Amino acid sequence: MKILAFESSCDETAVAVVEDGRKILSDAIASQADLHALYGGVVPEIASRKHVEAIAALTEQALAQAGCTRADIDAVAVTYAPGLIGAVLVGVSFAKSVAYALGVPLIPVHHIRGHIAANYLAFPELEPPFLALAISGGNTLIVDVRDYTDLKILGSTRDDAAGECFDKAARVLGLPYPGGAPMDKLAQGSKGGVYQLPHAHVDGAELDMSFSGLKTAVVNLAHHAQQVGEELNRAALARDFAQAVSDELVPRVMLAAERTGHKIIAAAGGVAANSVIRADLERECARRGLKLYLPPLRLCGDNGAMIGAQGYYEFLAGHTASMELNAYATRDISE
Ligand code: KG4
């Protein structure tokens, strides 16, 4: 079954063709990151407009790369939540019109379910049940993936997402948006251990996380250094920051594995590209005899193929939508 999949929840317009949920036939992406870098973050209205401009040509590109004609497409999948509402709406409206024109089913896909499904594309042997750590620019979740379409949140951030925290910290270090990857590169020049950064703990909710205190601590540190004319060790701060984020995430995933008895862990989302977090996950999983899946970097960030992968399993579960489908800025992953 060939699914034409659309993703437009933030600043990447992405269209892919995926076969049977596991094989990428094409994966076309038009990133707007350079444009938003001018403003230090995503400007929602500009994102929506750019999606409108890019999506039709990108669809033709994805079909051509896959060696498909429109007649070869069996269904259309689309991110319908969560994300910037105007941006998600562009994908949903376009996908609806394509599904209608082709006379094929329309499959709504939750963006974070898609991120987790990126692992199905990279690892053919991976099947639920497993535990997922989904860390992106807008979400930070520990998820019990009981089945392909039966997911339960075990822990989540109480405030900022891990990626948002990387982006804000990068900004005060003078790095371009999105700051996660440049922070990661900068951190590789230091072993860290220079800056004391706070570690949060949510009373009575051991699997929940918090990143806003860490973000504020880095902002204050940078401003203080500027005010007293002190030179910051930027590489050490980037390294210590990544370690603090990882320390918030990795022990909680291990605790969740202990509590649920899951022996398989899969990482997902843009922040799963982080080298410190990947190394810590690898070390801790090896120590406990857990099987770890870390998707390749190109499948960590937003892409259309992950929506096609999850879309296949949503279709098998009978989760299709009518032309009444709407876009949602927020939506629980378990719905
Ligand atoms: O999954 P994604 O592409 O988009 C969302 O669904 O949000 O994630 C984007 C986030 C950004 O905050 C970006 O700075 C972060 O992922 N990111 C990283 C790295 N690469 C991307 N964060 C830390 N280390 C990285 N290497």
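Residues numbered from 1 in each chain as written. Predicted model: local features only at pLDDT ≥ 70, side-chain atom pairs only at ≥ 80, totals over all residues. Heavy atoms only, no water.

K.L.:
Summarise the overall build of the chain; cite the residues concerned and give the values.
P.N.:
From N to C terminus, the chain includes 11 helices and 10 strands. Its C-alpha atoms give the chain a radius of gyration of 20 Å, within 12% of the compact-globule value 20 Å for 335 residues. Along the first, second and third principal axes, the C-alpha set of the chain runs to 65 × 45 × 30 Å. Per-residue burial for the chain yields a buried fraction of 53% across its 335 residues. (Helix = DSSP H or I, 4+ residues; strand = E, 2+ residues; numbered from the N terminus. Rg over C-alpha atoms; globule rule 2.2 N^0.38 Å. Buried < 20%, exposed > 50% of the residue type's maximum accessible area, 1.4 Å probe, protein only.)

K.L.:
I'd like a description of the site of the ligand, backed by residues and values.
P.N.:
As a structural note, the neighbourhood of the ligand is formed by 21 residues, with His111, Gly137, Asp167, Gly270 and Asp302 the closest of them. Contact between the ligand and Gly180: an oxygen atom at 2.9 Å from a main-chain N or O atom of the residue. Take Asp184: an N or O atom from its side chain is 3.0 Å from a nitrogen atom of the ligand. Among the residues forming the shell around the ligand, the class breakdown is six nonpolar, 12 polar and three charged. For the shell around the ligand, the two domains that each supply at least three residues are domain 1 (2-116 + 301-316) and domain 2 (125-298). (Near = heavy atom within 4 Å. Polar contact = N/O pair within 3.5 Å; in protein donor to acceptor, adjacent residues only side chain to side chain. Nonpolar A, V, L, I, M, F, W, Y, C, P; charged D, E, K, R; others polar. Domains from an automatic or database assignment.)

K.L.:
Tell me about the pairing of strand β1 (residues 2-7), and name the residues and values.
P.N.:
Counting buried residues in β1 gives five out of six residues, a clear majority hidden from the surface. Pairing of β1 with strand β2 (residues 12-19) involves six bridges; the strand directions are antiparallel. The partner of Phe6 across the bridge, within β2, is Val15. Remark: four residues form the turn of the hairpin made by β1 and β2, two consecutive strands paired antiparallel. In this sheet, strand β4 (residues 75-81) lies alongside β1 in parallel orientation, the contact comprising four bridges. When the sheet's bridge partners are listed, Ile3 is paired in β4 with Ala75. (Pairing = 2+ DSSP bridges.)

K.L.:
I'd like to hear about the sheet that holds strand β10 (residues 291-293), residue by residue, with values.
P.N.:
Taken in spatial order, the five strands make up an open sheet running β8-β7-β6-β9-β10, and their pairing is mixed. Among the strands making up the open sheet, the edge pair consists of β8 (150-156) and β10. In this sheet, adjacent strand axes meet at a mean angle of 25 degrees when their direction is disregarded. Two elements, strand β6 (residues 130-135) and strand β9 (residues 264-268), share four bridges in a ladder whose sense is parallel. Note on β9: the bridge partner recorded for Ala134 is Ala268. Across the sheet, helix α8 (residues 234-260) touches β6, β7 (140-147), β8 and β9, and the angle it forms with β6 is around 160 degrees. (Axes fitted to C-alpha atoms, helices over the stretch in contact; angles between N-to-C directions. Contact = heavy atoms within 4.5 Å.)

K.L.:
Summarise the nonpolar core; cite the residues concerned and give the values.
P.N.:
Counting residues in each nonpolar core, the largest one holds 50 residues, and the members touching the most others are Met183, Phe241, Val245, Ile265 and Leu281. Those elements that provide at least two residues to this core are β6, α5 (162-172), α6 (180-187), α7 (212-227), α8, β9 and α9 (275-288). With 14 residues, the single largest contributor to this core is α8. Residue contacts for Val245: discarding those within four places in its chain leaves Ala162, Phe166, Phe211, Leu214 and Ile277. (Core = buried A, V, L, I, M, F, W, Y, C linked by side-chain atoms within 4.5 Å.)

K.L.:
Which residues make up the domain arrangement of the chain, and what values go with them?
P.N.:
Here the chain is described as being made up of domain 1 (2-116 + 301-316) and domain 2 (125-298). Computed over C-alpha atoms only, the centres of domain 1 and domain 2 are separated by 26 Å. Between domain 1 and domain 2, the residue contacts involve 19 residues of the former and 21 residues of the latter. Between domain 1 and domain 2, a total of about 1,500 Å² is buried, with carbon and sulfur atoms accounting for 61% of that surface. For the pair domain 1 and domain 2, the interface holds zero salt bridges. Our count for the contact surface shared by domain 1 and domain 2 stands at four residue pairs in polar contact (both at pLDDT 80 or more). Of all the secondary structure elements, the ones that give two or more residues to the side of domain 1 that touches domain 2 are α1 (33-37), α4 (111-122) and α11 (305-316). The greatest single-element share of the side of domain 1 that touches domain 2, amounting to four residues, is contributed by α4. Its residues placed into classes, the side of domain 1 that touches domain 2 shows eight nonpolar, seven polar and four charged. (Buried area = accessible area lost by both parts, 1.4 Å probe. Salt bridge = Lys/Arg side-chain N within 4 Å of Asp/Glu carboxyl O.)

K.L.:
Break down the sheet that holds β4 for me, citing the residues and quoting the values.
P.N.:
Strand order in this open sheet of five strands is β3-β2-β1-β4-β5, and the pairing throughout is mixed. Unpaired on one side and paired on the other, β3 (23-31) and β5 (106-110) mark the two borders of the sheet. Across this sheet, the average inter-strand angle for adjacent strands is 20 degrees, counted without regard to direction. Docked against the sheet, helix α3 (residues 85-102) engages β1, β4 and β5, running at close to 160 degrees with respect to β4. Against the sheet, α4 contacts β1, β2, β3, β4 and β5, and its axis sits at roughly 95 degrees relative to β5.

K.L.:
How would you summarise the packing of aromatic side chains if you had to cite specific residues and measurements?
P.N.:
Inspection of every chain in the model, using the stated rule, returns nine aromatic pairs. On the numbers, 4.8 Å between centres and 50 degrees between planes, the contact of Phe123 with Tyr293 is tilted. Taken together, the residues span a long stretch of sequence, with Phe123 in the loop between α4 and β6 and Tyr293 in strand β10 at a distance of 170 residues. Each member of the pair, Phe123 together with Tyr293, is buried. Note on Tyr312 and Tyr313: the rings are 5.1 Å apart at their centroids and 80 degrees apart in plane angle, and the pair reads as edge-to-face. An identical accessibility class is assigned to Tyr312 and Tyr313; each is buried. An aromatic cluster of at least three residues, connected via ring pairs, comprises Tyr120, Phe130, Tyr148, Tyr312 and Tyr313. Its end group placed over the ring of Tyr328, Arg331 keeps NZ or CZ at 4.1 Å from the ring centre. (Phe/Tyr/Trp six-rings, centres within 6.5 Å; stacked < 30°, edge-to-face > 60°. Lys NZ or Arg CZ within 6 Å of the ring centre and 35° of its normal.)

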